[in-house]
Amino acid sequence: MSQQAASRGGTVWALVITSVAGFMAALDNLVVTTALPSIRKDLGGHLEDLEWTVSAYTLTFAVLLMFGAALGDRFGRRKLFGVGLAIFTGASAAAALAPGINELIAARAVQGVGAAIMMPLTLTLLTAAVPVAKRGMAFGIWGAVNGLAVASGPLIGGALTEHVSWQWIFWLNVPLGLALLPLARMRLSESYGTGAPLDFTGTLLASGGLFGIVYALIRGNIDGWTSATVLTGLIAGAALLGGFVRHGIRGKNPMLPMRLFRSRAFSAINAASLLMFVGMFGSIFLLSQFLQGVLGYSPTEVGLRMLPWTGMPMIVAPIAGYLSDRIGGRPVVTAGLALQAVGLGWFALVLSPDVSYAAQLPALIISGIGMALYFAPAASLVMASVRPSEQGIASGANNALREVGGALGVALMASVFSSQGGYESPVAFVDGLEPALWVGAGVVALGAVSAALLPRRGSAAVAAEVPVTKEREPVSV
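Small disclaimer: the values here were computed from a predicted structure and weren't measured. (Residues numbered from 1 in each chain as written. Predicted model: local features only at pLDDT ≥ 70, side-chain atom pairs only at ≥ 80, totals over all residues. Heavy atoms only, no water.)

1. Some remarks on the confidence of the model for the protein
Across the protein, the average pLDDT comes to 85, with 92% of residues at 70 or higher. Considering only residues more than four positions removed or in separate chains, one finds that residues 1-6, a stretch of pLDDT under 50, has 1 contact. Per-residue pLDDT stays below 50 along residues 458-477; that stretch engages in 31 contacts with residues further than four places along the chain or on separate chains. (pLDDT = per-residue confidence, 0-100. Contact = heavy atoms within 4.5 Å.)

2. Considering the packing of helix α3 (residues 47-75) against helix α11 (residues 264-293)
It is at 12 Å that the axes of α3 and α11 come closest, and there the two elements cross at 135 degrees. By the angle between their axes, α3 is oblique relative to α11. As α3 runs across α11, the sense of the crossing is right-handed. Packed against α3, whose contacting residues are Leu47, Leu50, Glu51, Val54 and Thr58, the element α11 presents Phe281, Phe285 and Gln289 at the interface. Among the residues forming the contact of α3 with α11, the class breakdown is 5 nonpolar, 2 polar and 1 charged. (Axes fitted to C-alpha atoms, helices over the stretch in contact; angles between N-to-C directions. Helix = DSSP H or I, 4+ residues; strand = E, 2+ residues; numbered from the N terminus. Parallel < 35°, antiparallel > 145°, perpendicular 65-115°, else oblique. Left-handed = near helix turned anticlockwise from the far one by under 90°. Nonpolar A, V, L, I, M, F, W, Y, C, P; charged D, E, K, R; others polar.)

3. Points about the nonpolar core
Core analysis: the biggest nonpolar cluster contains 135 residues, and Phe81 and Phe290 have the highest contact counts within it. The element contributing the most residues to this core is α11, with 16 residues. The residues contacting phenylalanine 81, other than those within four sequence positions of it, are Ile17, Ala21, Met118, Leu121, Thr122, Leu125, Ala184 and Leu188. Met312, Val332, Ala372 and Leu373 belong to the second largest nonpolar core, which has 6 residues in total. (Core = buried A, V, L, I, M, F, W, Y, C linked by side-chain atoms within 4.5 Å. Buried < 20%, exposed > 50% of the residue type's maximum accessible area, 1.4 Å probe, protein only.)

4. Description of the environment of glutamate 190
Its place among the elements puts glutamate 190 in the loop between α8 (173-187) and α9 (200-223). In this structure, the C-alpha to C-alpha distance between glutamate 190 and serine 352, residues 162 residues apart in sequence, is 56 Å. The contact partners of glutamate 190, leaving out residues within four places of it in the chain, are Gly76, Arg77, Arg78 and Lys79.

And the structure:
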């Protein structure tokens, strides 16, 4: 075999392995949503337990993502990719075998640890394997596969739950993971990063702070907002996050240097991303239960009916990318977030215990178009907001903030839901869901305002190239 053919084969294998691994990690963000009523029926638990089945994954994924990338840079990306994949696969089996809701939540948290190590290394391993001239195409395929995972998550989860059992949303990962482990060892080349010191302090501060705040939001309506546990969670969480910010300003080699937020472009797009995921994740968490528990759709029917929302990016994203190239990313992202807010508000307006699917459809389509307009230019806006040498850490920070937004969104909107309604009857569910959707619409509208504050295309590019005082290079993600 010629060297060129061997190189081409290595590129194809790297693309397949990293894309499938990315698909697994991205799928587990939303695949559980359409299974929640079945999980609640089989394992018991209350609303707060269902929240943790989603948030345990997104929270550990978020806070350990940049730390996982740094581990790969220091000890070997292929080696740590295998470690993360093995943890994710084992935790998926543990989730499928969970005898109770608490064991399921614990397994979901371990899944998030595995995904946090595995997911960021997919891009660095792919970058090392693909020639520069072909990276655009490779990244496009990798991104499309991840987008497909998000779009198909509710549908795959619903179909497996209805036709097999909810446990199979987790069993699905096991044969894929077992197949990828030997392939990764045989077909991927080892590579290393800068070897910068690991930021244990920043990881512990971020993890503790976010856990405290999410815990308090989930327990607020149960224990009372003035109870000792809730106040402790809020105060301690805020203090730890304050310590994380201070560490990012003064610490040596922090995983998230706070100086990046001096850039208006970086601050605006990350605020917009955080707020987008707060509104989107919280809404999907509640709406998937509404469609099953109140309207009586089967899990598969729920997945299909949500496709105009979750699947629209696959259709609209190329158009959004073209518009972004022509007029810049700022107006496209701003319009997308505004449409997402309108879609959630529309849903809240038509909501009733017997609302028809025809009445829901415009809200789903508008939300889907809005999501697509946001997703297409967001990554390029993040990359354009910093210097080329900082793009790795900027990408990792943006992905982490999205996952944080998902965890906060589920906790916040479920808290609003439980304060105004509940599972007692269809009317009670609608009484809680309507104000929660209005909160989601308001949060995403704030994201649109943040996106509108992005600098114009020319000034953003100039800002990213302005030299700053020399510091040690951050660990790439």
